[in-house]
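Here is how the chains run, residue by residue.
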Amino acid sequence: MQSRPPSEHEPRRCRLCGEQRPLTFEHIPPRSAHNRAPAAIQGIETWLARDSDPNAVARRPQVQQRGSGAYSLCGPCNNLAGRLYVPEFRHWIEMGTTVLFGPDDLAARFRDERETAYATVKLKQRRPARFVKQIATMLLAMSPPGLGDNFPELRAYAADPNAVGFPDRLRLYLALYAGPHVRYAAGAATVRNFLTTGTEIHHVYELAYPPFSYILSLEEQTPVIETGNASNFGSLRIDQSADVELQMIVGYGETPLPLDLRSPAALTADTSEREPFMPPWGGK
Ligand SMILES: [Zn+2]
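Chains are numbered independently. Their residues run from 1 in the order of the written sequence. Restriction of local features to residues with pLDDT of at least 70 applies here, the model being predicted, together with a cutoff of 80 or more for giving and counting side-chain atom pairs; totals for whole chains, interfaces and linings are based on all residues. With hydrogens and water set aside, each side-chain value is computed from the structure's full complement of heavy atoms.

Novice: How should I be thinking about the coordination of the zinc ion in this particular structure?
Specialist: Each donor-metal-donor angle would ideally measure 109.5 degrees in four-coordinate tetrahedral geometry, or 90 or 180 degrees in six-coordinate octahedral geometry. In this analysis a donor is any N, O or S atom within 2.8 Å of a metal ion (3.2 Å for sodium, potassium and calcium), and since water is not included, sites may seem incomplete. Taken together, Cys14 (SG), Cys17 (SG), Cys74 (SG) and Cys77 (SG) make up the protein donors of the zinc ion, found 2.3 Å from the metal. Bound by 4 donor atoms, the zinc ion shows angles of 102 to 116° at the metal and therefore tetrahedral coordination geometry. Look at where the donors of the zinc ion fall in the sequence and you get C-x2-C-x56-C-x2-C. A single burial state applies to Cys74 and to Cys77, both of which are buried. Here a site with four donors is tetrahedral if all angles are between 85 and 135 degrees, and a site with four or six donors is square planar or octahedral if opposite donors are over 155 degrees apart and the other angles are between 65 and 115; anything else gets the irregular label. Whether a residue is buried, partly exposed or exposed follows from its accessible area with a 1.4 Å probe, protein chains only, as a fraction of its type maximum: under 20%, in between, or over 50%, in that order.

See the structure below:
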């Protein structure tokens, strides 16, 4: 992730509109959504370095003093998201934070459960399309331009407030995510349904930042995780309000592996009981 301003001799493309324009610092997630503290970033630096150097080697984790983010959006795109999407996004962050760490404290309750836990959240009169457009903006902003180049419909959906319909070739999933790791995975491949119903290699982008993991799945045949598909929120217009009900995995980020939502108890059990090797995504 580019955390310093690009020099003038180093033109870069806005990840949202795709144009060569001066880039501004985009907080990912937005500053108002619990992203103010200095952040240790692992992994994403390498992915984004490929922007300029396909053979970039991994660097040590960086601490970004201004919170997590990148110089990846032009000023107009940054402002658009800040004005139209972020205020709605903040409500969902509050909801997720309350469910995980509020009076019910699901994060603490399920830490010791080996089985995957689920929670169904209900929201009254929210504007889900704005929330989804903000997620699409963040996923584009944290990724090399290839994501938007290969899926221009995702750019179009995020950049045009009036665009309706989440792109057909893509699926968006949400999981509750209690941390402690923050994960940026831009273009990971992960194998699901291992040795059971047939194998599918899923290509995913994950932003895992409490209280949510946002997962973008490319051209999947089978759901990349068992619940939490929020793609149909995109079928609403930007000003449309709706009552929302969504079942999500109560996930943890004990490892830096994309989509590894196992609880501490499940991780310990997998590590100590299963020999000689069990993939982190489980074999169920
Ligand atoms: Zn732009």
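Novice: Where do I start with the pairing of strand β9 (residues 212-218) in this structure?
Specialist: Remember that side chains alternate between the two faces of the sheet whenever the strand is regular. The buried count for β9 comes to 7 of 7 residues, which makes it a mostly enclosed element. Side chains Phe212, Tyr214, Leu216 and Leu218 of β9 all project onto a buried face; the interleaved residues Ser213, Ile215 and Ser217 project onto the opposite face, where all are buried too. Note on pairing: DSSP must find at least two bridges between two strands before they are called paired. Secondary structure elements are defined from DSSP: runs of H or I of at least 4 residues count as helices, runs of E of at least 2 residues count as strands, and each element is numbered from the N terminus. In this sheet, β9 lies alongside strand β8 (residues 200-209) in antiparallel orientation, the contact comprising 7 bridges. Paired with Glu206 across the bridge in β9 is Ile215. Adjacent in sequence and paired antiparallel, β8 and β9 are bridged by 2 residues.

Novice: Quick question: what am I supposed to make of the pattern of salt bridges here?
Specialist: It is possible for side chains of opposite charge to pair when their charged atoms get near one another. When a carboxyl oxygen of Asp or Glu lies within 4 Å of a side-chain nitrogen of Lys or Arg, that pair is called a salt bridge. By the definition in use, this model includes 11 salt bridges. Across the pair Arg127 and Asp239 runs a salt bridge whose closest N-O atoms are separated by 3.8 Å. Residue Arg127 is found in the loop between β5 (117-126) and α4 (128-141), and its partner Asp239 is found in the loop between β9 and β10 (242-253); the two are separated by 112 residues along the sequence. For Arg127, a relative accessible area of 31% translates into the label partly exposed.

Novice: Even after reading the chapter, I still don't get the side chain of Ser217, so can you show me in this structure?
Specialist: Here Ser217 shows up in strand β9. Since its relative accessible area comes to 0%, Ser217 is described here as buried. With near-sequence residues (within four places) excluded, Ser217 lies in contact with Arg169, Leu170, Arg171, Tyr173, His202, His203, Val204 and Val224. Contact between two residues is taken to exist if any of their heavy atoms lie within 4.5 Å; hydrogens are not considered.

Novice: Could you clarify how one ought to interpret the packing of α4 against helix α6 (residues 152-159) in this entry?
Specialist: The description of two packed helices rests on the angle between their axes and on the distance between the axes. Fitted lines through C-alpha atoms give the axes, limited to the stretch in contact for helices. The angle between two N-to-C directions lies from 0 to 180 degrees. Viewed as axis vectors pointing N to C, α4 and α6 meet at an angle of 130°, and their least axial separation amounts to 8 Å. Accordingly, the angle class assigned to the pair α4 and α6 is oblique. Like other packed secondary-structure pairs, α4 and α6 cross with a definite hand, here left-handed. Between α4 and α6, the residues in contact are Ala129, Val132, Lys133, Ala136, Thr137 and Leu140 and Leu154, Arg155, Tyr157 and Ala158, respectively. In this classification, Asp, Glu, Lys and Arg are treated as charged, Ala, Val, Leu, Ile, Met, Phe, Trp, Tyr, Cys and Pro as nonpolar, and every other residue, Gly included, as polar. Looking at side-chain class alone, the contact of α4 with α6 contains 7 nonpolar, 1 polar and 2 charged residues. By definition in this entry, angles of less than 35 degrees are roughly parallel, angles greater than 145 are roughly antiparallel, angles of 65 to 115 are roughly perpendicular, and the rest are oblique. Two helices crossing with the near one rotated counterclockwise from the far one by less than a right angle form a left-handed crossing, whereas a clockwise rotation gives a right-handed crossing.

Novice: Honestly, the packing of aromatic side chains in this entry has me stumped. Any pointers?
Specialist: Aromatic rings considered in pairs are described by the distance between their centres and by the relative angle of their planes. Planes of paired rings set the category: under 30 degrees apart is stacked, over 60 is edge-to-face and the rest tilted, where pairs are Phe, Tyr or Trp rings (Trp by its six-membered ring) whose centres lie within 6.5 Å. Per the stated rule, a full pass over the model turns up 8 aromatic pairs. On the numbers, 5.3 Å between centres and 70° between planes, the contact of Phe25 with Tyr71 is edge-to-face. Within this pair, whereas Phe25 is found in strand β1 (residues 23-27), its partner Tyr71 is found in strand β4 (residues 69-74), the two being separated by 46 residues in sequence. One aromatic cluster is present, formed by Phe89, Trp92, Phe131, Phe212, Tyr214 and Phe233 through successive ring pairs. Charge over a ring is defined by NZ of Lys or CZ of Arg lying within 6 Å of the ring centre and within 35 degrees of the ring normal. The ring of Tyr157 carries the charged tip of Lys133 above its face, separated from the ring centre by 3.7 Å.

Novice: Hey, could you run me through the packing of helix α2 (residues 75-101) against α4 in this one?
Specialist: Where α2 meets α4, the axes come as close as 8 Å, and the angle between the chain directions of the two elements is 110°. Compared by their axis directions, α2 and α4 come out roughly perpendicular. Between α2 and α4, the residues in contact are Ala81, Leu84, Tyr85, Val86, Glu88, Phe89 and Trp92 and Pro128, Arg130, Phe131, Lys133, Gln134, Ile135, Thr137 and Met138, respectively. Its residues assigned to classes, the contact of α2 with α4 shows 10 nonpolar, 2 polar and 3 charged.

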